[in-house]
Amino acid sequence: MRTLRRSAALVGVVGATLLWVSSAGCSKSTEQSPRKPTTVGFSQIGAESAWRTAETESMRSEAVKRGVDLTFADAQQKQDNQIKALHTFIAKKVDAIILAPVKEDGWEPALKEAKQAGIPVILVDRGVKVADESLYTTLIASDFVEEGRMAAHWLADKLDHKGIIVELQGTPGSAPAIDRKKGFEEGIRPHPEMQIVKSQTGEFTRAKGKEVMEAFLKSAQGSGLKIDALYAHNDDMALGAIQAIEEAGLKPGTDILVVSIDGVRAALDAIVAGKLNCSVECNPLLGPMAFDAVEKAVAGQELPKKIVVQDQLFDASNTKDVIESRKY
Ligand code: AHR
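Observations regarding the packing of aromatic side chains
In this structure the tally under the stated criterion is two aromatic pairs. Geometrically, the ring pair formed by F184 and Y231 is stacked, given 3.9 Å between the ring centres and 10° between the ring planes. Taken together, the positions of F184 in helix α6 (residues 175–188) and Y231 in strand β8 (residues 229–232) put the pair 47 residues apart, joining distant regions of the chain. By relative accessible area, which is 0% here, Y231 ends up buried. Taking NZ or CZ as reference, R60 lies 4.2 Å from the ring centre of F72, over its face. The ring of Y136 carries K305 above its face, with NZ or CZ at 4.7 Å from the centroid.

Here's the deal with the site of the ligand
The ligand sits among E48, S49, W51, R52, D125, R126, P176, R180, F204, N234 and D262. In the environment of the ligand, an oxygen atom lies 2.9 Å from a nitrogen or oxygen atom belonging to the side chain of N234. If you list the elements that add at least two residues to the shell around the ligand, you get α2 (50–65) and α6. Split into classes, the residues belonging to the shell around the ligand amount to three nonpolar, two polar and six charged.

Details of the pattern of salt bridges
Applying the stated criterion across every chain yields a total of 26 salt bridges. Residue E62 is joined to K65 by a salt bridge in which the shortest nitrogen-to-oxygen separation is 3.6 Å. Placement of both E62 and K65 in helix α2 is noted, with a separation of three residues, approximately one turn of the helix. The exposure class assigned to E62 is buried, which follows from its relative accessible area of 6%. Put simply, E246 and K275 hold a salt bridge, and the shortest N to O gap is 2.8 Å. Residue E246 is located in helix α8 (residues 235–247), and its partner K275 is located in the loop between α9 (265–272) and β10 (278–281); the two are separated by 29 residues in the primary sequence. By relative accessible area, K275 is classed as partly exposed at 32%. Taken together, the shared-partner salt bridges in this structure form one network comprising K36, E62, K65, R66, D292 and E295.

Some remarks on the confidence of the model for the protein chain
Looking at the protein chain, pLDDT values average 92 and 90% of them are 70 or higher. When mean pLDDT is compared element by element in the protein chain, β8 scores highest at 99, while helix α1 (residues 2–32) scores lowest at 39. A low-confidence stretch, residues 1–29 (pLDDT under 50), is modelled with zero contacts involving residues beyond four sequence positions or located in other chains.

Some points on the sheet that holds strand β4 (residues 121–124)
Taken together, six strands build an open sheet; the order of strands is β2-β1-β3-β4-β5-β11 and the sheet is parallel. Every interior strand has two partners, whereas the edge strands, β2 (69–74) and β11 (306–309), have only one. Each adjacent strand pair in this sheet contributes to an overall mean axis angle of 15°, direction not counted. One ladder, built from six bridges, connects strand β1 (residues 39–44) with β2; its direction is parallel. Bridge pairing in β2 places T39 opposite D69.

About the thresholds
- Residues numbered from 1 in each chain as written.
- Predicted model: local features only at pLDDT ≥ 70, side-chain atom pairs only at ≥ 80, totals over all residues.
- Heavy atoms only, no water.
- Phe/Tyr/Trp six-rings, centres within 6.5 Å; stacked < 30°, edge-to-face > 60°.
- Helix = DSSP H or I, 4+ residues; strand = E, 2+ residues; numbered from the N terminus.
- Buried < 20%, exposed > 50% of the residue type's maximum accessible area, 1.4 Å probe, protein only.
- Lys NZ or Arg CZ within 6 Å of the ring centre and 35° of its normal.
- Near = heavy atom within 4 Å.
- Polar contact = N/O pair within 3.5 Å; in protein donor to acceptor, adjacent residues only side chain to side chain.
- Nonpolar A, V, L, I, M, F, W, Y, C, P; charged D, E, K, R; others polar.
- Salt bridge = Lys/Arg side-chain N within 4 Å of Asp/Glu carboxyl O.
- pLDDT = per-residue confidence, 0-100.
- Contact = heavy atoms within 4.5 Å.
- Pairing = 2+ DSSP bridges.
- Axes fitted to C-alpha atoms, helices over the stretch in contact; angles between N-to-C directions.

The following block contains the structure:
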């Protein structure tokens, strides 16, 4: 009887111990479940183009979908405003920062502060030049050099490898302006009879694109030069330039071939209308990828240093078939 009671007591102790171990296991697994971000700061460049507006919308709607409190700061094209926004985010102790840097240089001090505060920084759309790459977690962006190459190859084909080209560059010092120029020049290098005779910034805006194209046309007229093609670093500048070409009494898409980058809806409409010849896509819908990266970074998971967004090319051969399915 005594032995029986003793074994029953033993079962009770073992049972209780097992229960304790398993409940301890449970609470441990709760402790280990990954931390979720609740507050994120997004420093956006501005609203210079339809592309930029689509990117902002993609970030905002993804934050709402994931229940994240997003602090949005529009820098109005000024790096100083972006740096101020970063300071505000750090002071607020946000869980992560999403940064679309207006230009490549000048980020080291602000990124160092974020790192010291233990706040991961996810770069979207444009890269930065820093000696220490551990200052940011990852860059989610298109391959801008490849976009420039794609535009050049398309144009080389259409121009039969010869022609006079004018170029509208993006914001000076920005990654897409630098890389799209580089990629295009690489693409036309094998064809010495393709020449860029004028190249100037149109600041990624429609108004400036129009203004600079007017000047290009005037100077070409003055010197008796025939412009065969325009290469614009984004659609908005190309759309402004198209207006300038029309106002000069010429037919955009026929008298002057127009090639640009972004693939926004208004550009695809212009392709269907025959005024724009080709637009290389640069996908702005980065919200889902950016917030996936934020979640991983906050949970302490490793991320690749660059996540490349895949793009395609639109011209008269495929635009009509895809235009209705486009989201921006
Ligand atoms: O960084 C991406 C570029 O910035 C887009 O091509 C342009 O439209 C935008 O303003």
